[in-house]
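Observations on the model geometry
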Amino acid sequence: MSNTPEFKMVANALKKPELWQYFDTELDKLTQHERDDLSSRLLKAPREIFEPAQEPDFTRPGGWQVGNTVIYGAVDALLPRPPIEWVVEDLFSPGSVSLLVGDPGSYKTWLGLSMCACVALGKPWIGFEAKKTVSLFVDQESGDDILSRRLGAIIRGELGDNSSPVRYCTMAGLNLLDENDCDRLEQWITGLGAGFVVLDPLAYFMPGADENTVKDTLPVFMALKQIADRTRAAIVALHHNNKGGEYRGSTAMLGAVDLLLKTNRETNSPIIEFSMKKARNVEPFRFAAQFHSEAGQVWFTPLGSRSSGKQLTDEENKVIEYLRSCGGSALKIDIEKNIKDCEVSKVTGAIYSLRDKSMIFRSNKGEGAKDNKAVYSLVTQAGNDDPQPGQEGGYEN
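Scope of this entry: the structure provided in the associated data block. (Residues numbered from 1 in each chain as written. Predicted model: local features only at pLDDT ≥ 70, side-chain atom pairs only at ≥ 80, totals over all residues. Heavy atoms only, no water.)

**Digging into the sheet that holds strand β12 (residues 329–331)**
Pairing between the strands of a sheet is mediated by backbone hydrogen bonds and can be parallel or antiparallel. One open sheet holds the three strands; their spatial order is β12-β14-β13, and the pairing between them is antiparallel. With partners counted over all chains shown, the strands left at the sheet margins are β12 and β13 (360–362), one partner each. Put simply, the sheet's adjacent strands are angled 25° from each other on average, direction ignored. Looking at chain direction, β13 and strand β14 (residues 375–378) are connected through three bridges and run antiparallel. By the bridge assignment for β14, Arg362 is matched with Tyr376. Here helix α10 (residues 314–325) sits on the sheet in contact with β12, β13 and β14, set at roughly 90° to β14. (Pairing = 2+ DSSP bridges. Helix = DSSP H or I, 4+ residues; strand = E, 2+ residues; numbered from the N terminus. Axes fitted to C-alpha atoms, helices over the stretch in contact; angles between N-to-C directions. Contact = heavy atoms within 4.5 Å.)

Written out as C-alpha cells, the structure is:
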C-alpha cells in the first residue's frame, strides 16, 4: 500500500470512502513513478473540484454561480428593470445584433457610414436620437480609397471634423467562422471602446459558407451575439436581398437578430423606405429618409413621421400600388374609380387610413375645397426637387 493521502482526500471529499479501497487496489498495479506522477497531478488540481457543490439558493437575487455561468431565478426576473438604453433610439441597443438589408444600390453602405458618423457625433440619425460613443466601420468590400472618400463626405455632411470618434478599417479579411478572427474583432471593439459597430457586407465575413444553411449561418450569429454581449456594443451587419426582395439566406438569420431592418429604394430615386421584418424590443414601424449630395458632402434627412409597421389591408396595399403606378400622385376620385375588385367605400377608407398613418398625404391642399379634386401622394415622393444622387462616382450603393 502506497502512502498517498491525496487519494484518500479525494475519496472523502466526494463522500465515497469506498473509492479509497479502489484507489488502494489500483495503485498497487502502478509503478512508483506512475504513482508519484498521479499524486503530483492531484495536488496541482484546483481545490474546488474536490469540494462538494453548494446547494443553489434561488430565494435571494444574484443567482447560482456554476463555473463561468450564472443561473438566475424568478426573484431576479422580477426585480425592477431600467428602461432600455438605446445607442440609436428604438433601433439599436447595447449588446444587440441587427441586419440592415436591401437590394444593390439601396444606399446600404452610405446608411451604415451615416449611422457611424451620427453616433460618433451624438446627433440624431434621420430623426432618431443617438447616444454619443466611438463607432467602428469594418469594410470588406469597398477598399480604402472608396470607403475613405465616402466616409469623408458623410462626416462633412454631418458637420463633423478631425476629432470625430469614427474609426474604420478595410479589407482585414475577418472570417467569423474562425475563432481567432472573432477574438480580433472583439479586441478592436474593446481596445477602441466602440459602442457601435457596422460590418459591410455580411457575406464577406463568412467566406465559403452557405448562407442558406443553418449549420453555416448560425455559428456566425452566435459569435456576433457573444461579442456584442461581452462588449455591450450594438453590432449592425449590412446584407443583400435575394431575387424575391427578401433577405438572402437561412431563417436562422432572422431568428438570431434583434432587428432586421429592410430598405427599399426605387431606381434613380433619392428616397429610401424602411420597414421592420423583425424587432425584438419595439413594435415594428415604418419610416423614410432622403439622400442628399452636394459639394462633397452627403447626408440623409427624415421624411414624414414613423408609421405602424403592422400588415396593411388589401385595399391599403392596392392604393399604394396604384399611386406608385401613377408616379406617386393621383386624384382621389381616380384612385377610387380605378382600383378594381374593391368597394369604393373601402378604397376611400383606405385612403384616409393611409393618410392617418403618414404614408400618403394630400398634396394639393388649399387648391380646391371639393374632396373629389383632392390629389393624394406617397410621402416618399416629397422633396424630389432636391439634388439627385449619383453626382459623385459610385453613389449608388
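**Describing the pairing of strand β8 (residues 259–264)**
Summarising burial for β8: five of the six residues are buried, a large majority. Both strand β3 (residues 97–102) and β8 contribute to a ladder of four bridges, which runs parallel. Along β8, the bridge assignment pairs Ser98 with Leu259. Where β8 lies against strand β9 (residues 271–279), six bridges are found, and the strand directions are antiparallel. (Buried < 20%, exposed > 50% of the residue type's maximum accessible area, 1.4 Å probe, protein only.)

**A word on the state of the cysteines**
By definition, a disulfide is the covalent link that joins the sulfur atoms of two cysteine residues. Scanning the model with the defined rule gives zero disulfides in all. Distance from the sulfur of Cys118, which forms no disulfide, to the nearest cysteine sulfur (Cys116) is 9.7 Å. (Disulfide = S-S within 2.5 Å.)

**Focus on the side chain of His239**
Counting through the fold element by element, His239 comes out in strand β7 (residues 234–240). A distance of 2.5 Å separates the side chain of His239 from the backbone oxygen of Arg248, its partner in a polar contact. (Polar contact = N/O pair within 3.5 Å; in protein donor to acceptor, adjacent residues only side chain to side chain.)

**Here's the deal with a nonpolar patch on the surface**
Residues Phe58, Val66 and Ile71 make up a contiguous nonpolar surface patch of about 220 Å² in total accessible area. Relative to the helices and strands, Phe58 resides in the loop between α3 (32–44) and β1 (64–66). The class for Phe58 is partly exposed, based on a relative accessible area of 34%. (Patch = residues over 30% accessible without salt bridge, like charges linked within 9 Å, V, L, I, M, F, W, Y side chains within 5 Å. Areas by Shrake-Rupley, 256 points an atom, 1.4 Å probe, with all protein chains shown as cover. Salt bridge = Lys/Arg side-chain N within 4 Å of Asp/Glu carboxyl O.)

**Re the pairing of strand β10 (residues 285–294)**
The two faces of a sheet get side chains in turn, since along a regular strand they alternate between them. For β10, the buried fraction is high: eight of the 10 residues fall into the buried class. Two strands pair when backbone bridges link them, and β9 and β10 are joined in this way by four bridges, in the antiparallel orientation. Residue pairing in the sheet places Phe274 in a bridge with Phe287 of β10. In this antiparallel pair of consecutive strands, β9 and β10, the connection spans five residues.

**Examining helix α7 (residues 179–192)**
Here α7 spans 20 Å end to end across 14 residues, near enough to the 20 Å set by a 1.5 Å rise per residue. Within α7, the full set of buried residues consists of Asp181, Cys182, Leu185, Glu186 and Ile189. Along the axis of α7, the buried positions cluster into a sector of 140°, meaning they face one direction only. Exposed side of α7, more than 90 degrees from the buried face: Asn180, Gln187, Thr190 and Gly191 are the residues found there. Turning to α7, the residues buried within the fold contact β4 (134–139), β6 (194–200), α8 (214–231) and β7. Sitting at the amino-terminal end of α7 is Asp178, which places a side-chain oxygen 2.7 Å from the backbone nitrogen of Asn180. (Expected span 1.5 Å × (residues − 1). Arc of directions from axis to C-beta.)

**Observations regarding the pattern of salt bridges**
Summed over the entire model, instances satisfying the criterion amount to 16 salt bridges. We note a salt bridge from Asp57 to Arg60, for which the minimum N-O separation is 3.1 Å. Its relative accessible area of 31% is what places Asp57 among the partly exposed residues. In this structure, Glu186 engages Arg230 in a salt bridge whose closest nitrogen and oxygen atoms are separated by 2.9 Å. Here the residue Glu186 occupies a position in helix α7, and Arg230 occupies one in helix α8, the gap between them amounting to 44 residues. Judged by relative accessible area, which is 15%, Glu186 ranks as buried. A network of salt bridges, in which partner residues are shared, links Lys225, Asp258 and Arg280.

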